[in-house]
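Notes for the structure review
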Amino acid sequence: ESGFDGNDAESYLIQAWNFMLAGGALFNNLDYSFSVGSEAGNGKNDAPGSTDPILRKQLGYLARFMKQLNFLVMRRNPELIRHAPGCEWQVFSEPAKEHVALLSGLGGRRIEFHLPPGSYSYEIISPTEMRTLDSGALQVTDEKTPHIPLEAPDGKRRHIDITLKSSEKESE
């Protein structure tokens, strides 16, 4: 239970993303706005924990995101990130196919990865805004460290999710 981290919805949202991308199977956050007489979730409560309806939508976005992944075969893989100054990260991977990284913090302007040579597509999403911020292609060779540039306002904490998918065809 994580309901004693104040009333800021963003804190609970990032806890949910971190937990799920660490291999968690279920995130069950208490929401005191649901109670007897307030079954629609519109109750008021002064207890700690978020009762923000936006958080419910954001958690729904997380649920839809996780359903797109081959979740049962993915494993934690924090070594995928080589360098992400000013960020904390959580990485969940299906080796040679798909990698999902959540980065939180003030961060720098680029993220460097440990990836085998090949072609990859990437998508950067905002868990808080529930939208794609950027997407593109990444070609990895032995000669250079692969990186994805990030454009974000300096001095503002941000949370982003990067999904990398191998573009290589599987051998039959």
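It should be emphasised that the depicted structure is a prediction, and the values quoted were computed from it without experimental measurement.

**Focus: the overall build of the chain**
- When you go through the chain residue by residue, the secondary structure sums to two helices and nine strands.
- The linear arrangement of helices and strands in the chain, starting from the amino end, is α-α-β-β-β-β-β-β-β-β-β.
- Residues classed as buried in the chain amount to 40% of the 172 residues present.
- For the chain, the computed accessible surface area is about 9,800 Å², with 51% contributed by carbon and sulfur atoms.

**Description of the environment of Ala84**
- Position of Ala84 among the secondary structure elements: in the loop between strand S2 (81-83) and strand S3 (87-94).
- Overall, the relative accessible area of 5% leaves Ala84 in the buried class.
- For the pair Ala84 and Phe113, spaced 29 residues apart in sequence, the C-alpha separation works out to 8.8 Å.
- Excluding its chain neighbours within four sequence positions, the residues that come into contact with Ala84 are Trp89, Leu103 and Ile111.

**Examining helix H2 (residues 53-67)**
- In a regular helix each residue adds 1.5 Å, so 15 residues correspond to 21 Å; H2 covers 22 Å between its end C-alpha atoms and thus fits that length.
- Every buried residue of H2 is listed here: Leu55, Gln58, Tyr61, Leu62, Phe65 and Met66. All buried residues of H2 project into a common sector of 135° when viewed along the axis, lining one side. Facing away from the buried side of H2, by more than 90 degrees, are the exposed residues Lys57 and Lys67.

Parameters at a glance
Residues numbered from 1 in each chain as written. Predicted model: local features only at pLDDT ≥ 70, side-chain atom pairs only at ≥ 80, totals over all residues. Heavy atoms only, no water. Helix = DSSP H or I, 4+ residues; strand = E, 2+ residues; numbered from the N terminus. Buried < 20%, exposed > 50% of the residue type's maximum accessible area, 1.4 Å probe, protein only. Areas by Shrake-Rupley, 256 points an atom, 1.4 Å probe, with all protein chains shown as cover. Contact = heavy atoms within 4.5 Å. Expected span 1.5 Å × (residues − 1). Arc of directions from axis to C-beta.

The analysis is restricted to geometry; functional conclusions fall outside its scope.
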